[in-house]
Structures are given as structure tokens and as C-alpha cells.
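Letter by letter, the chains look like this.
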Amino acid sequence: MADDLLKKIIAHSKEYGFIFPSSEIYDGLSAVYDYGQNGAELKNNIKQYWWQSMVQLHSNIVGLDAAIFMHPKVWEASGHVGAFNDPLIDNKDSKKRYRADVLIEEFRAKYEAKIAKDVEKAQKKFGEQFDKEQFIATNPNVLRNQAKIDELNARFVKALNDNDLVELRQIIIDNEIACPESGSKNWTEVRQFNLMFDTKLGSVSDTANTIYLRPETAQGIFVNYLNVQKSGRMKIPFGIAQIGKAFRNEIVARQFIFRMREFEQMEMQFFVRPGEEMKWYEYWKEFRIKWHKNLNLGDENYKFHNHDKLAHYANAAVDIEFNFPMGFKEVEGIHSRTDFDLGRHQEFSGKKLQYFDPELNESYVPYVVETSIGVDRMFMTILSAAYKEEVVGETGETRIVLAIPPALAPVKIAILPLVKKDGLPEIADKIFDKLKFHFNVIYEEKDSIGKRYRRQDAIGTPYCITIDHQTKEDNTVTLRHRDSMEQERVSVDELINIAHEKVSMAKLLENLL
Ligand code: ATP
């Protein structure tokens, strides 16, 4: 079922110009994708929603656009050269490669799913009288499965924290975790694998320096902390936001745009007084979940998940997980990174990265709370929630509709003359010329009106305007709503106001506060 939905989304994305495999005429490049005409629009709108909500709505946050290439020392200081590793394991029979931690997490998720199923069944059986908490606390099946999860977790977290690769493998063996492809339990040792891509800077390869493609955008912010603080006369607390490409040589990348080797991040580092980081951590947790829920993709599709293992730099970290077709997975991370990054850059560069706090009359290295979200994963949350197959009308005909949040939709309004004659295209042209300054609109006159509506449904256009013979008499058009398929007559003069009300980014942002 879930697999089915993912396959349908992948096929739909290609057919309607959202996402294509990279270099497809050469059979593609693994885990790299290109965004097509509609995908590029949706992606830009996601970035705009993020940028405006972070930078425009917060007077103490400014933007940055740092280069992808950075001095190699940056990645030594940040810890990436030494520790940006994933534990890798191979299956000897199927020759498939996996992340050992992901195999264990997926095994654990099976027990979680069993519990969820038991709860659902009981809920159906007992109806309104059902007491979920009591059920979870007393039902023998649930208790047995929970005990398995707890036991597994204890070993898993300890192995991760101790960096104990032998123990990670032993957990896989003891729990008889099999290769999802072949069912084989014939595993190799677990090895560490560094995820950074490297390349050479300079034309003569023997003397050239090895440099890395950045695996996160955050370091571009840290090394510019002082530049921005001084040139912008920023006072703590303040933030720096950035959107840009990041690269990771992921061990396994089989889930469409969920895990790519080249992807885009939207990151914001918020610099605070030492000791105040938990207050800001809570603030950003709340703000970021609100940002997601404001898109109306279904509140039940989100949950917080505290990290099993804190990264070397963090003193608190939580993921916002979304209910993807493959289950709940991370879309965004919120991390309290302490003074680790600035402290390390201070040490490695020999340059002071301190802030003089006039209220406290003292200097310190600021603490940092980070919000980090992948544009592509965000794109995938929207596709997953928006893709719908609906039966319409009595004939049992189906339509595919993408219920994309209107302000993010690639095309906001389609302008459709009912027929290609009688002066209707000319009126439609005039409407197009007015609206195009405000929104991404398209004009279409080919095919029957029904077919044109379906095409717009399939790319998620929230509104269609149809110009018919009545338009010539009373200057009104039909406004068709994508989700309800309802139609109403509205005056041509009202169109811009209506559109602003229904599809503008400003409205979406206003709802956020
Ligand atoms: P995961 O555990 O899934 O590998 P991560 O914890 O390594 O992710 P972070 O380093 O916290 O991820 O990166 C921040 C965000 O960047 C993630 O929440 C995700 O949205 C995005 N991201 C990370 N890696 C990828 C990738 N390979 N492809 C697409 N997006 C990614």
C-alpha cells in the first residue's frame, strides 16, 4: 500500500513535470534528481515561505548566501572529517549495502507498528469508552512489545554512544534482522563510512588541495558569524538564515527525494546568551511545528522525536517527523549546538569569535540553537499529503488531484476560454495580462473544459477561471475551486482581490502569527 503510494507519486511527479531522474537519457544517476517546470515553482515557493517566515517576520534574523566550497580546515574544526560517518553493513548473499543503525530502527518500528495496530483494534472495539493510556499500561500484548522495544533501545543507544560497531552488528545478529531484499542473515562486519564528497581545488592535481563539498550549510554561517554581527550591528539574540545545496555520499539512497546525494537545506542558526539556550530551543521547536501545521497537511501527520544519540556538538536535539508513505521520518531537526562550533572555529582559526554583551558587561562565545530542514524532504511531505485519487460523479470516473497548499501551488490560477472563438480568447488574454503581475497564472485553450480542469487538478492549481458567453454580457467568469470542484460566478473586477485572499503568500504568513 505505502509502496504503491510512493510509486504513484514518483510516476505522477515525472508525468506532470515535477521531478525527473537526473541525466535520464543516460539511465539516470543514483539518488540525484532534477526539478521540472512545476517542481521548480513548488520548490521556490517552499523556499519563499521559509525565508519570509524566518527572515521577514523576525526582525532579528538576517540572511546569508555562503559559497559551497570552504577552507578544508572548516571541516576539521566542525568534526566532520573525523566523525561525519554512518555505520555501514553489507549482506554477503544479496550484496546489498545498508546502514546498520537504520536496519535496527526499522526493526524497532515493526514493534511500534504492532502496538499501534493493537491500540487501533481496541479503539474500534470499545468505541467512546476506550481509555488509551490505560490500555497501553495494561494490555499484555502491548506490554510484551514495549518491553522488546525498551530492551532493544537500551542496547542500541549504548552502542551508538560508545561507537561500538561490533555491538551494533551483534544487535542485528541477536534479533535475527534479515536483509529486506533477500531475507538473508549473512552479514559482514560493520564499518564506519565518511559521507563527505571531496574534490581538488587548483589546476595541478599533485599540488592541489583536497576540499570538500559542504555536507551542511551551517558552517558557512558559523564562519561568517563575526562578519554579519559586526556589519549588521546585530545584538544577541539574533539569527542568520541560509538556503543552499549540501552534498552527502549517502550509503543507501533508495527513497526518491527523501534521501539524496545532492540536496538543499534551509538552515537558521540563532545566537544566544550561554544559559538561555533551552528557552530558545523551546521557542524554535514551537515555531517550527507551527510553520508546518500552518500548511494544513493534517496535524496528525507530525510528531516530535527526541534523538536517540546526541551529535557530538548538541546538548538537546529533536526531529520533526512527518508521516511519509514509508512511515514517520525526519523532515526537520532542531538542535541546541552549545558553543561547540564557534568555540572550535575560534580554536582552529586563532581568531576571536566572541560577543561583547553590553547588558552583562562581559564577552562570551555565544550559544547556538539551530533549525535545519531539507527543501526536498519538505517537498516530499507536500506531495505525500497532497496526492489524492478521487471518484467523481455518478459514472465512477476518477480524478487525480494534488491538494497543494494554495500559496505554494506551482500555478495559482488557470485562465480558460470556454471555446476558441466568439471573442472569448481575447477577453481571457486581457485577464491573463492583468493577473500575471501578481501571480503565476497560465492560459490554456486546447481540449474540452473538463479535460483542462483535470490537467490543472493534476498539477495542483487551486483555481480555474472560465470565460464564457455570459462574460461578454455581464463581465463575470466562473471560478472553479480545485478541492470541492464547486463553481461560482464572480466579477472580473473582483479577481485580483479574490486571488490575494485565497492564494497569496502574505495570507499564509499572516495565519502563522
Ligand atoms: P538522517 O538521519 O535522515 O540521515 P540527518 O539527521 O543526518 O538525517 P541532518 O544532518 O539533521 O539530517 O540534516 C538536516 C535536514 O537536512 C534533515 O532534517 C533533512 O530534511 C535534510 N537532509 C539530510 N540529509 C538529506 C539527504 N540525504 N537528502 C535529502 N535531505 C536530507
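Counting of residues starts from 1 at the beginning of each chain's written sequence and follows it residue by residue. Only residues with pLDDT of 70 or above have their local features reported here, since the model is predicted, and side-chain atom pairs are shown and tallied only from 80 upward, although totals for entire chains, interfaces and linings are computed over all residues. Excluding hydrogens and water, the side-chain figures rest on all heavy atoms present in the structure.

### Observations concerning the pattern of salt bridges
In what follows, salt bridge is the name for a side-chain nitrogen of Lys or Arg lying within 4 Å of a carboxyl oxygen of Asp or Glu. Applying the stated criterion to the full structure yields 37 salt bridges. Its salt-bridge partner being Asp-86, residue Arg-99 comes within 3.4 Å of it at the nearest N-O pair. One end of the pair, Arg-99, is in strand E5 (residues 97-99); the other, Asp-86, is in strand E4 (residues 85-90), with 13 residues separating them in the sequence. Burial classes: relative accessible area under 20% of the type maximum marks a residue as buried, over 50% as exposed, and values in between as partly exposed (1.4 Å probe, protein chains only). Taking relative accessible area as the criterion, Asp-86 reaches 10% and is therefore assigned buried. For the salt bridge of Glu-262 with Lys-245, the shortest nitrogen-to-oxygen distance reads 2.7 Å. Of the two residues, Glu-262 sits in strand E10 (residues 262-272) while Lys-245 sits in strand E9 (residues 238-247), which places them 17 residues apart along the sequence. Counted as one network, the salt bridges with shared partners bring together Glu-390, Glu-397, Arg-399, Arg-454, Asp-457 and Arg-480. Per the convention used, a helix needs a DSSP run of H or I reaching at least four residues, while a strand needs a run of E reaching at least two, with both numbered from the N terminus.

### So, the domain arrangement of the chain
Each domain's extent is set by a domain assignment, obtained either automatically or from a database. The domains assigned to the chain are domain 1 (2-84 + 195-384), domain 2 (85-194) and domain 3 (401-510). Domain 1 and domain 2 are separated by 27 Å when their C-alpha centres are compared. Each partner contributes to the interface: domain 1 provides 17 residues, whereas domain 2 provides 17 residues. A simple way to read buried area is as the amount of 1.4 Å-probe accessible surface that goes missing from two parts once joined, with both sides added. Between domain 1 and domain 2, the buried area comes to about 1400 Å², and carbon and sulfur atoms account for 45% of it. Area buried by domain 1 at its contact with domain 2 is led by Ile-251, Asp-308 and Lys-309, which between them contribute 45% of it. Between domain 1 and domain 2 we count one salt bridge in total. Here Glu-106 makes a salt bridge to Lys-329, at a shortest N to O gap of 3.8 Å. N or O atoms within 3.5 Å of each other form a polar contact, as long as, within protein, one can give a hydrogen and the other can take it, and as long as residues adjacent in sequence are counted only when both atoms are side-chain atoms. Applying the counting rule to domain 1 against domain 2 returns five residue pairs in polar contact (both at pLDDT 80 or more). The contact rule is simple, with two residues in contact once any of their heavy atoms fall within 4.5 Å.

### As for the site of the ligand
Being near a molecule or strand, for a residue, comes down to having at least one heavy atom within 4 Å of it. The ligand sits among 17 residues. The nearest are Glu-250, Arg-259, Met-260, Glu-330 and Val-331. Side-chain polar atom of Arg-259 to an oxygen atom of the ligand: 2.8 Å apart, as the coordinates give it. At 2.9 Å from an oxygen atom of the ligand is found a main-chain nitrogen or oxygen belonging to Gly-374. Per element, the largest residue contribution to the shell around the ligand is five residues, and it comes from strand E13 (residues 327-338).

### Some details on the packing of helix H2 (residues 37-56) against helix H11 (residues 277-293)
Axis geometry follows a simple rule: fit a line to the C-alpha atoms, using only the stretch in contact for helices, then measure angles between N-to-C directions, giving values from 0 to 180 degrees. One can describe the packing of H2 onto H11 by two numbers: an axis separation of 12 Å at closest approach and a directional angle of 145 degrees. Of the two elements, H2 crosses H11, and the hand of that crossing is right-handed. Contact residues: Ile-46, Tyr-49, Trp-50, Ser-53 and Met-54 in H2; Trp-284, Phe-287, Arg-288 and Trp-291 in H11. Amino acids outside the nonpolar list (Ala, Val, Leu, Ile, Met, Phe, Trp, Tyr, Cys, Pro) and the charged list (Asp, Glu, Lys, Arg) are all regarded as polar, and Gly is one of them. Looking at side-chain class alone, the contact of H2 with H11 contains seven nonpolar, one polar and one charged residues. Each crossing is labelled by how the near helix is turned from the far one, with a counterclockwise turn of less than a right angle marking it left-handed and a clockwise turn marking it right-handed.

### A word on a positive patch on the surface
For patch building, the residue pool is restricted to those with more than 30% relative accessible area and no salt bridge; the joining distance is 9 Å between like charges and 5 Å between nonpolar side chains (Val, Leu, Ile, Met, Phe, Trp, Tyr). Calculation of accessible area relied on Shrake-Rupley with a 1.4 Å probe; when residues are assessed, cover is drawn exclusively from the protein chains displayed. Charged residues are defined here as Lys and Arg on the positive side and Asp and Glu on the negative side; His and the ends of the chain fall outside this count. To locate a charge, the coordinates of NZ of Lys, CZ of Arg, CG of Asp or CD of Glu are taken. A surface patch of positive charge is lined by Lys-110, Lys-114, Arg-144 and Lys-148. Tracing the backbone shows Lys-114 in helix H5 (residues 100-126). Relative accessible area serves as the criterion here: at 43%, Lys-114 is assigned to the partly exposed category.

### Focus on the pairing of strand E12 (residues 316-324)
Within E12, eight of the nine residues are buried, which leaves the element mostly enclosed by the surrounding structure. A pair of strands is labelled paired if DSSP reports no fewer than 2 bridges between them. Direction of pairing for strand E11 (residues 302-306) relative to E12: antiparallel, over a ladder of five bridges. Along E12, the bridge assignment pairs Lys-303 with Glu-321. If you look at the hairpin formed by E12 and E13, you'll find two residues sitting between the two strands.

### Looking at the pairing of E10
Buried residues dominate E10, accounting for 10 of its 11 residues. As judged from the 10 bridges shared by E9 and E10, these two strands associate in the antiparallel manner. Its bridge partner being in E10, Phe-238 is matched across the sheet by Phe-271. Strand direction decides the pairing type here: E10 and strand E16 (residues 367-374), joined by eight bridges, are antiparallel. Each bridged residue has a counterpart across the sheet, and for Phe-271 the counterpart in E16 is Val-368.

### Side note on unusual backbone geometry
Here the residue pair Ile-236 and Pro-237 is connected by a cis peptide bond, since its omega of 5 degrees sits within 30 degrees of zero. In this structure, Pro-237 sits in the loop between helix H10 (225-231) and E9. At Phe-256, a residue that is not glycine, the phi angle is positive and equals roughly 55 degrees. Relative to the assigned elements, Phe-256 resides in the loop between E9 and E10. Residue classification places Phe-256 among the buried residues on the basis of a relative accessible area of 4%. Phi is positive for Asn-475, close to 60 degrees, though the residue is something other than glycine. Position of Asn-475 among the secondary structure elements: in the loop between helix H16 (469-474) and strand E22 (476-481).

### Overview of the side chain of Arg-288
Note on placement: Arg-288 falls in helix H11. Setting aside residues no more than four positions away along its own chain, Arg-288 makes contact with Trp-50, Ser-53, Met-54, Ile-320, Glu-332, Ile-334, Thr-371 and Ile-373.

### Focus: the sheet that holds E4
Strand order in this open sheet of three strands is E5-E4-E6, and the pairing throughout is antiparallel. Single-partner strands in this sheet number two, and they are E5 and strand E6 (191-194). For this sheet, the mean inter-axis angle between neighbouring strands, taken without regard to orientation, is 45 degrees. Of the pairings in the sheet, the one linking E4 to E6 comprises four bridges and is antiparallel in character. Bridged to Pro-87 within E6 is Gln-192. Contacting E4 and E5, H5 runs over the sheet at an angle of about 70 degrees to E5.

### Observations concerning the nonpolar core
Core analysis: the largest hydrophobic core is formed by 62 residues, its most contacted members being Ile-46, Tyr-49, Trp-50, Trp-284, Phe-379, Ile-404 and Leu-408. When residues of this core are assigned to their parent elements, the largest contribution, seven residues, is made by helix H13 (residues 375-386). In this structure, this core is formed jointly by two domains, domain 1 (2-84 + 195-384) and domain 3 (401-510), each of which donates at least three residues. What Tyr-49 contacts, discounting residues up to four positions off in sequence, is Trp-291, Asn-294, Leu-295, Leu-408, Met-505, Leu-508, Leu-509 and Leu-512. Think of a nonpolar core as a cluster: buried Ala, Val, Leu, Ile, Met, Phe, Trp, Tyr and Cys residues, connected wherever their side-chain atoms sit within 4.5 Å.

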